[in-house]
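Each chain, letter by letter, is given below.
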Amino acid sequence: MELHHLTLEDLAEYLRKKEVTSREITEHYLSRIDAHDEEINSYVTVLNDEAIRRADEMDAALSRGEDRGPLHGVPIGLKDIFCTGGILTTCGSRILSNFVPPYDSTVYRKLSDAGTVLLGKQNMDEFAMGSSTETSYFGAARNPWDRGRIPGGSSGGSAAAVASGLCAAAVGTDTGGSIRQPASLCGAVGVKPTYGRVSRFGMIAFASSLDQAGPITKTVKDAAILLEAIAGYDPKDSTSVDVGVPPYREWCGRDLSGTRVGIPKEYFVGGIQPEVDREVRNAIAALERLGCEIVEVSLPHTDYALACYYIVAPAEASSNLARYDGVRYGYRSEGYSDLIGMYRQTRADGFGVEVKRRIMLGTYALSAGYYDAFYGKALRVRTLIKRDFLEAFNAVDVLVTPTSPTTAFRLGEKTEDPLTMYLSDVFTIPTNLAGLPGISLPCGRDEESLPVGVQIIGKHFREEDLIKVASALESVLGAFGVAGESGAREES
Amino acid sequence: MEFEAVIGLEVHAQLKTDSKIFCACSTAFGRQANSNTCPVCTGMPGVLPVLNRKVVDFALKAALATGSTVRRESIFARKNYFYPDLPKGYQISQYELPIAEGGFVEIDTKGGRKRINLTRIHMEEDAGKLLHEAEFEQSHFSLVDFNRTAVPLLEIVSEPEIRSPEEGGAYLRMLRDILVYLDICDGNMEEGSFRCDANVSVRPRGQSAFGTKTELKNMNSFRNVEKALEYEIGRQIGAIEEGGQVIQETRLWDVAAEKTVSMRTKEEAHDYRYFPDPDLVPLEIDEGWIEKIRESIPELPLAKRDRFQREYNIPAYDSEVLCQSRALADFFEAAVAVHGNAKAISNLLMTEVLRELNKDRVDITETKLTPSHIAGIVKATDEGVISGKIGKEIFQIVYQTGDDPVKIIEEKGLRQVSDEAAIEKIAQKVIDAHPGEATTYREGKKGVLGFFVGQVMRETKGKANPALVNEILKRLLEP
């Protein structure tokens, strides 16, 4: 079996048995990136030399008996939204196209402490605003299963890299579905943890009250391993919560008997691609066979989630992105004659169309005289949406829904119609608004063999429930594996 | 028509914490530009604020000392605007739910004691500073210093209950004294650690509706605030009396020209797009926290003044001067505890001591003086060991050297001469040397006595007991 098909658990075992070195694994991935990423475009920055150096260090440490745990020596990728000290961090934007942060995000620091080898920084929608990775200043990433299609977004580079064997695992971020939707569209596993579970320090903010980092991996167990490494309270993030991190791995392979699974009826209405509906229902049937009790539940305010999100997220973004003014770092346009001119030209040239659209939406929503009608009302709706979930969780342990209403769409298919694009996240957005954890895992394929994802939503700080249910489901449905050079599935 | 001024003051007090409000950077003043900075206070991508607990402690002190109501849950908001000294493009402040509301500051006015109510007290971060190569208009570029960025501020807003520039000055001074007593702000207006903006309007006396207000900025001393208010009230009344009207605008105090000038009108005002900062969780304050802070609050200036008058029987003026500084007031009390002549101790402190402190620009705790030094000087005077004049000389030596006054009296032989025979001998010698003056006295011009006293004191190098000198001279000069 080739190295890029191995799970994190396998890699850990082989490294310790000395059957393979971190350097060999790292070189293997780097050579694959070199060979295939021109087409996939999943990386903005590849750290060829640094990764080899780091792999050697990790090999040396391991042979000294210094074992940092299951991720020791494992090459991973990071969405280019995480600040990495001394390493270019662009957030997919021209305005940060020359930004080298002087400090590390907590997620990167934790991954470094866990012994991972960073292969590079992965492509994404600009400032995580998009569902297709097409808004990236560095060009669209491609879906490994059909390179004429998008990989989803905004963590599209990370999902595409995992699904095409260009990293052992990756960490992305999810504001309205940006981990789960691309994981679903690429046949990978993606976890959006509870808001407050993973530190946001050093993760470039899009919408602060919604953003969370989480793993994108080949298998559920890999996701559990990676989540365990990055989760936990961080005194540098006031919104991170001091709740102990359970050993998520141990929740894999458990019996599901008696687990109550809620099916929100509002998530199975018009607009869903028939194959998505079919495959998700099959997954639900599989859960029933695994001993789950299936219960229909209602989340009555679901219809308002998208509208609510497109007030809250742009409002926060309009403020978060004000710092990109060309004064202290990043890109600054030439040819200005005064301060306002410098701001205007820098921001006009430095931001792409989608980012500007959202800054304008958000600025409008917060303006004097409009605040109550837009932002204020959105906050009230958000409370209702959260309440829906909490009530549903009185009756069930987890909820199961499609991750995205469709499988991967074609490049350029929705770029002219932002509203259609926004609908791609209609099933993932409510989870972010409620701060709940969600996982997406592959559950089948459509007529064109494109992956279909199923989403499992859990209670606050109960990621272990997601791991348990997803792991059991994966054991009967099978992991999706890594895409071959042609986009055809490589048997593993 | 008679007009009445309506003034509300907004004070920004820089808090004396060691570190900034949302990061661990030092707040030390005067360091090299941008040396007190980190990714958090320079607004790098991805950084997050973490609230400094000490800032909340200080805000609670101010709130409790002014009788304000502390909100059990308050929130931070973002005030959005673009300016190069504001690295995030927004200032973290409090807007809808500030840490404290209500409360009051009492001031003494010509009409007696008056209570100025407070609207609110809230916490926020300071902005940075722009530096220019030349005068702003001529500069080709600006440099930004972020050392001051995110230094904690308290904004304290009064109700529009101030009716004159004098009341405004009294309010500001009292508020400053309170914050300095609480040891949370150094109260220095010139250095900008205590800043004031004013909202001013006028209305015909008797009218309850407010007139159109202007906002005054850039007043960097108590005196300037009073002058600016005076000017602005006059300007507004003039405008109305000439048949014009007051325009709602922000005006700057031009120190050199001694007038206010328009900066921007309401139409040009910012829309700050306030909203709750999603990076900070609501601040919850429990009873225990409030109690702990309440216990740490010292006696406040006004209460101390009243007590000094009552307890030490000193005039209102003395108690006000002594209570301007908590250290001076403590010093006074400690000295009185050693020797009970409060008025004499007060006199020495208000004249000799304060003159030296002002000259050297130091606080009394930074000198070699101790309360028992001052008590010792006054006691020696009261007991007739030295004269008041010698007492002042001894004070100078004590102030310079820190030596004990009793030791100085002995070592320098400054003990007052109270030996009647000795004084009489000198007095007779003086009278004999000035027969003309003696005759003048005997002819009824008693004022000449002072001349003789002066001569005797000169002969004895000031050590003769003045009361005794008087008595002996009078006896010898009688025909």
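For the structure, see preceding data.
Residues numbered from 1 in each chain as written. Chains lettered and ligands numbered in written order. Predicted model: local features only at pLDDT ≥ 70, side-chain atom pairs only at ≥ 80, totals over all residues. Heavy atoms only, no water.

(A) Molecular detail of the overall build of chain A. A tally of regular secondary structure across chain A gives 15 helices and eleven strands. In terms of C-alpha radius of gyration, chain A reaches 21 Å, essentially the compact-globule figure of 23 Å for 492 residues. Expressed as a percentage of the 492 residues in chain A, the buried residues total 66%. The contacts in chain A between residues at least 6 apart in sequence include a share of 76% that link residues at least 24 apart. For chain A, the accessible area works out to roughly 16,400 Å², and carbon and sulfur atoms hold 50% of it. Computing the positive centroid from 51 side-chain charges and the negative centroid from 66, chain A places the two 4 Å apart. (Helix = DSSP H or I, 4+ residues; strand = E, 2+ residues; numbered from the N terminus. Rg over C-alpha atoms; globule rule 2.2 N^0.38 Å. Buried < 20%, exposed > 50% of the residue type's maximum accessible area, 1.4 Å probe, protein only. Contact = heavy atoms within 4.5 Å. Areas by Shrake-Rupley, 256 points an atom, 1.4 Å probe, with all protein chains shown as cover. Lys, Arg positive; Asp, Glu negative; His and termini not counted. Charge placed at Lys NZ, Arg CZ, Asp CG, Glu CD.)

(B) Examining the packing of aromatic side chains more closely. Summed over the entire model, instances satisfying the criterion amount to 28 aromatic pairs over all chains. One aromatic cluster is present, formed by Phe99, Phe127, Tyr324, Tyr329 and Phe351 of chain A through successive ring pairs. In this structure, Arg254 of chain A is placed above the aromatic ring of Trp251 of chain A, and the distance from its NZ or CZ to the ring centre is 4.1 Å. Here the guanidinium or amino end of Arg53 of chain B rests over the ring plane of Trp289 of chain B, the centre of that ring lying 4.0 Å away. (Phe/Tyr/Trp six-rings, centres within 6.5 Å; stacked < 30°, edge-to-face > 60°. Lys NZ or Arg CZ within 6 Å of the ring centre and 35° of its normal.)

(C) Examining the packing of helix H12 (residues 420–433) of chain B against helix H14 (residues 449–459) of chain B more closely. Residue and element names in this part refer to chain B. Put simply, H12 and H14 touch, their axes get as near as 10 Å, and they point 125° apart. By the angle between their directions, the pair H12 and H14 is classed as oblique. Along this stretch, H12 crosses H14, giving a crossing that reads as right-handed. On H14, the residues touching Ile426, Ala427, Lys429, Val430 and Ile431 of H12 are Phe452, Gln455, Val456 and Glu459. Here the residues of the contact of H12 with H14 are counted per class, giving six nonpolar, one polar and two charged. (Axes fitted to C-alpha atoms, helices over the stretch in contact; angles between N-to-C directions. Parallel < 35°, antiparallel > 145°, perpendicular 65-115°, else oblique. Left-handed = near helix turned anticlockwise from the far one by under 90°. Nonpolar A, V, L, I, M, F, W, Y, C, P; charged D, E, K, R; others polar.)

(D) Representation of the pairing of strand S5 (residues 90–93) of chain B in the model. Residue and element names in this part refer to chain B. Across the two faces of S5 the burial is the same, with Tyr90 and Ile92 and Gln91 and Ser93 all buried. As paired strands, strand S4 (residues 77–80) and S5 are joined by four bridges and run antiparallel to one another. Considered in S5, the bridge of Arg78 is made with Ile92. (Pairing = 2+ DSSP bridges.)

(E) Focus on the packing of helix H8 (residues 342–360) of chain B against helix H9 (residues 371–382) of chain B. Residue and element names in this part refer to chain B. Where H8 contacts H9, the axes come no closer than 10 Å and their chain directions differ by 115°. For the element pair H8 and H9, the recorded crossing hand is right-handed. Facing H8, whose interface residues are Ala344, Ile345, Leu348 and Val353, H9 presents Ile374, Ala375, Ile377 and Val378.

(F) Fine view of the side chain of Ser93 of chain B. Residues and elements named next belong to chain B. Among the structural elements, Ser93 can be located in strand S5. At a separation of 3.3 Å, a polar atom in the side chain of Ser93 contacts the side chain of His122. Among residues more than four places away in sequence, those in contact with Ser93 are Ile75, Phe76, Ala77, His122, Met123 and Glu124. (Polar contact = N/O pair within 3.5 Å; in protein donor to acceptor, adjacent residues only side chain to side chain.)

(G) Broad picture of the sheet that holds strand S16 (residues 275–276) of chain B. Spatially, the three strands line up as an open sheet ordered S5-S4-S16 (chain B), and their pairing is antiparallel. Both outer strands of the open sheet, S5 and S16 of chain B, are each paired with one neighbouring strand and no more. Both S4 of chain B and S16 of chain B contribute to a ladder of two bridges, which runs antiparallel. Pairing of Arg78 of chain B across the sheet is with Phe275 of chain B, part of S16 of chain B. Docked against the sheet, helix H9 (residues 305–320) of chain A engages S4, S5 and S16 of chain B, running at close to 60° with respect to S4 of chain B.

(H) Representation of a nonpolar patch on the surface. Together, Leu339 and Ile340 of chain A together with Tyr83 of chain B give the surface a local cluster of nonpolar side chains, amounting to about 240 Å² of exposed area. Mapped onto the elements, Leu339 of chain A comes out in helix H10 (residues 339–350). Exposure remark for Leu339 of chain A: the relative accessible area of 31% places this residue in the partly exposed category. (Patch = residues over 30% accessible without salt bridge, like charges linked within 9 Å, V, L, I, M, F, W, Y side chains within 5 Å. Salt bridge = Lys/Arg side-chain N within 4 Å of Asp/Glu carboxyl O.)

(I) View of the layout of surface pockets. Of the pockets and cavities examined, the second largest pocket occupies roughly 900 Å³. Around the second largest pocket sit 29 residues that line it, and Tyr195, Ser209 and Arg382 of chain A together with Pro278 and Pro282 of chain B are the ones nearest its centre. Put simply, the parts of the chain that give the lining of the second largest pocket at least two residues each are helix H12 (372–395) and helix H14 (429–434) of chain A together with S16 of chain B. Broken down by element, the residue count for the lining of the second largest pocket peaks at six residues, all from H12 of chain A. Split by residue class, the lining of the second largest pocket holds 16 nonpolar, eight polar and five charged. (1 Å grid on protein atoms, 1.4 Å probe; cavity = no way out; pocket = protein on both sides within 12 Å on 5 of 7 lines; lining within 4 Å. Points joined across faces, edges and corners; volume = space filled by probe spheres on them.)

(J) Looking closely at the interface of chain A and chain B. Counting from both sides, the interface comprises 39 residues of chain A and, opposite them, 31 residues of chain B. Inspection of the chain A/chain B interface yields one salt bridge. Residue Asp279 of chain B pairs with Arg200 of chain A through a salt bridge whose shortest N-O separation is 3.1 Å. Joining chain A to chain B, the criterion identifies 17 residue pairs in polar contact (both at pLDDT 80 or more). Secondary-structure elements contributing two or more residues to the side of chain A that touches chain B are H9, H10 and helix H11 (353–366) of chain A. Among the elements that take part in the side of chain A that touches chain B, H9 of chain A stands out by supplying five residues, more than any other.

(K) Just unusual backbone geometry, in detail. In this model, Gly153 of chain A is joined to Ser154 of chain A through a cis peptide bond whose omega is 10°. Structurally, Ser154 of chain A is set in the loop between strand S3 (117–122) and helix H5 (156–163). With a phi angle near 65°, Thr133 of chain A is a residue other than glycine that sits in the positive phi range. In this fold, Thr133 of chain A is placed in the loop between S3 and H5. Its relative accessible area of 0% is what places Thr133 of chain A among the buried residues. One non-glycine residue with positive phi stands out, namely Asn218 of chain B, at about 70°. Inspection of the secondary structure assignment puts Asn218 of chain B in strand S13 (residues 214–219).

(L) Molecular detail of the nonpolar core. Core analysis: the largest hydrophobic core is formed by 224 residues, its most contacted members being Phe127 and Phe389 of chain A together with Met123, Tyr171, Leu172 and Phe194 of chain B. A total of ten residues in this core trace back to one element, the largest contributor, which is H9 of chain A. With near-sequence residues (within four places) excluded, Met123 of chain B lies in contact with Ile21, Val55, Val56, Ala59, Phe76, Ser93, Gln94, Ile99, Leu153, Leu154 and Leu283 of chain B. Ile345, Leu348, Val385 and Ile390 of chain B belong to the second largest nonpolar core, which has 38 residues in total. (Core = buried A, V, L, I, M, F, W, Y, C linked by side-chain atoms within 4.5 Å.)

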